[in-house]
Amino acid sequence: MESKAHTRVLIVFHDTIYNSGGTRSLLDLVDRFVNDDSLELVCLFPRSAGTAIDYLEDKSINIISCRYWYATGPKNSTLKNRIALGLKHYLGYYNIQRLIREKLRDMHIDLVYSNTGVVFAGAWISKALKIPHVWHIREFLDEDHGITPLMGWRKYYRFVNRHATAAIMISEALKSKHRAGIDESKIHVVHDDLSPDYLLKQDISWEDRKYNILFAGTICEGKGQLIAVKALALLKKKGITPKLLIAGSVKERDQYYKKLLDDEIKKEGLEKQVEFLGQVSDLAAVRQQCGIGIVASRSEAFGRVTAEGMLADMVMIGAEAGGTAELITHRRNGFLFPLGDSIKLADIVEYVLLAREEDIAQVRKEALSFGKKYIEGNCANQVKRIFMESMK
């Protein structure tokens, strides 16, 4: 199939929240695509309102909405709950079929591009319209978000294989997880782009911000905030008292983990050293106050927070797992600690705080140089190439 002068791409979002990691990564791509005269974008959202929609409204993009839900659920949920989630998921299927009949069939879409592996709307549309489907999978599911496919892994992978012309993975670690079920010939590893806006000029000196540590991410067991709190307690015993800023929301199912954090903070007397910021709309402003960032996730699919921190002139300390370990070279552009090891994490934080300023300046310089490659548009170029190849 020859490519047309304008390729009309339907982009399927999984949520409408501007600051959720997967959506923000997609919006960074959209910002690149919107300036590409060879592409015409149509964006489909599962709701009719949200901060991501607000962001796109001034970009002359056709925005449509249709109610659809996740094809996944909490891995420890009851059978009753999973049945309820399944019914919602299939209600979404019928809503999408109606949208196809009433609108999409007449829009002459050339290709469907789905964001994340948790919604099937793009697969349903591509099948009905008999057009290619590029599926951008951004999560491990169970390891990073504590969710699993409602239909089970075997059927999930069968569905992806059947309905994805190409499957994009955001790290080698993610590819290693999913290649057991997804045809490897369809898999492309493409690291995310970041907006150039993440390149921050620090007006505050290293000495004046190094004792502020940022932990950004949804509050849940998989992100590992408790490891950082325990490291803080160990440092306090040595008379070293940095402040830990925890930025991120907590879902209802993870309230038990928030209570574990609160109990640990109270037990160790860290109330004055730990601050919960909640969901932060302007994380750049927080980063400009911080010298160190911690990523303790057991399975970070890419490591967006790590790359953003590097661009903000922060020293990033990450767990040696998932995508984080692909971004940080220990003691060169950041520091790695064994997953779950609060003692080693405390040792590294102590070293960073007490090391010679010129030694840490070199690490920050290397990190900034490394982070800059994610604002050059490489991801957008590779994804567009995959679009074109999928249409041949």
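Going by the structure above, here's the rest.
These remarks concern the structure in this document. Quick caveat: nothing in here was measured; it's all calculated off a predicted structure.

## So, the side chain of Ser20
In step 1: Counting through the fold element by element, Ser20 comes out in the loop between strand E1 (7-12) and helix H1 (21-33).
In step 2: Ser20 sits in the buried class, given a relative accessible area of 17%.
In step 3: Side-chain polar atoms of Ser20 contact the backbone oxygen of Ile17, separated by 3.2 Å.
In step 4: In this structure Ser20 touches His14 and Asp15, once residues within four positions along its chain are discounted.

## So, the pattern of salt bridges
In step 1: The full count for this structure, using the stated rule, is 28 salt bridges.
In step 2: The shortest N-O distance in the salt bridge between Arg138 and Asp192 comes to 2.8 Å. Placement of Arg138 in the loop between strand E6 (133-137) and helix H5 (142-145) and of Asp192 in the loop between strand E9 (187-189) and helix H8 (206-209) is noted, with a sequence separation of 54 residues between them.
In step 3: For Asp192, a relative accessible area of 3% puts it in the buried group.

## Re helix H12 (residues 304-311)
In step 1: Of all eight residues making up H12, seven are buried, and the element is well covered by its neighbours.
In step 2: Looking at the buried side of H12, the elements it contacts are H1, helix H11 (283-287), strand E13 (292-295), strand E14 (315-319), helix H13 (324-327) and helix H15 (357-371).
In step 3: Within two residues after H12, Asp313 carries a phi angle of roughly 65 degrees, on the positive side.

## Examining the pairing of E13
A regular strand places its side chains so that they alternate between the two faces of the sheet.
In step 1: Here E13 shows two buried faces, one formed by Ile292 and Ile294 and the other by Gly293 and Val295.
In step 2: Judged from the two bridges that link them, strand E10 (residues 212-216) and E13 form a sheet pairing that is parallel. Bridge pairing in E13 places Leu214 opposite Gly293.
In step 3: Of the pairings in the sheet, the one linking E13 to E14 comprises four bridges and is parallel in character. Residue pairing in the sheet places Gly293 in a bridge with Met316 of E14.

## Some words on the packing of aromatic side chains
In step 1: Summed over all chains, the structure comprises 18 aromatic pairs.
In step 2: Centre to centre, the rings of Phe13 and Phe45 are 4.1 Å apart; their planes meet at 25 degrees, and the pair counts as stacked. Note that Phe13 is positioned in the loop between E1 and H1 and Phe45 in strand E2 (residues 39-45), a separation of 32 residues in sequence.
In step 3: Put simply, the rings of Tyr93, Tyr94, Phe120, Trp124, Trp135, Trp153, Tyr156, Tyr157 and Phe159 touch in pairs and so form one group of aromatic residues.
In step 4: Lying over the aromatic face of Phe276, Lys258 brings its terminal NZ or CZ to 4.2 Å of the ring centre.
In step 5: It is Arg331 that lies over the ring of Tyr351; its NZ or CZ is 4.8 Å from the centre.

Rules used throughout
Along each chain, residues carry numbers from 1 onward, in the same order as the chain's sequence is written. Whole-chain, interface and lining totals are the exception, using all residues; otherwise, since this is a predicted model, local features are given only for residues with pLDDT of at least 70 and side-chain atom pairs are given and counted only at 80 or more. Only hydrogens and water are set aside when side-chain values are computed; all heavy atoms of the structure are taken into account. Think of it this way: any DSSP run of H or I at least four residues long counts as a helix, any run of E at least two long counts as a strand, and we number them from the N terminus. A 1.4 Å probe rolled over the protein chains alone gives each residue an accessible area, and that area as a share of the maximum for its type sets the label: buried under 20%, exposed over 50%, partly exposed in between. What qualifies as a polar contact is a pair of N or O atoms within 3.5 Å, subject to a donor-acceptor requirement within protein and to the restriction that residues adjacent in sequence count only when both atoms come from side chains. Contacts between residues were defined by any pair of non-hydrogen atoms, one from each residue, lying within 4.5 Å. Salt bridges are counted wherever a side-chain nitrogen of Lys or Arg sits within 4 Å of a carboxyl oxygen of Asp or Glu. In short, DSSP must find at least two bridges between two strands for them to pair. Two rings from Phe, Tyr or Trp (for Trp, the six-membered ring) form a pair when their centres are within 6.5 Å of each other. A pair whose planes differ by under 30 degrees is stacked, one over 60 is edge-to-face, and the rest are tilted. Two conditions define a charge sitting above a ring: the NZ of Lys or the CZ of Arg must be within 6 Å of the ring centre, and it must be within 35 degrees of the ring normal.

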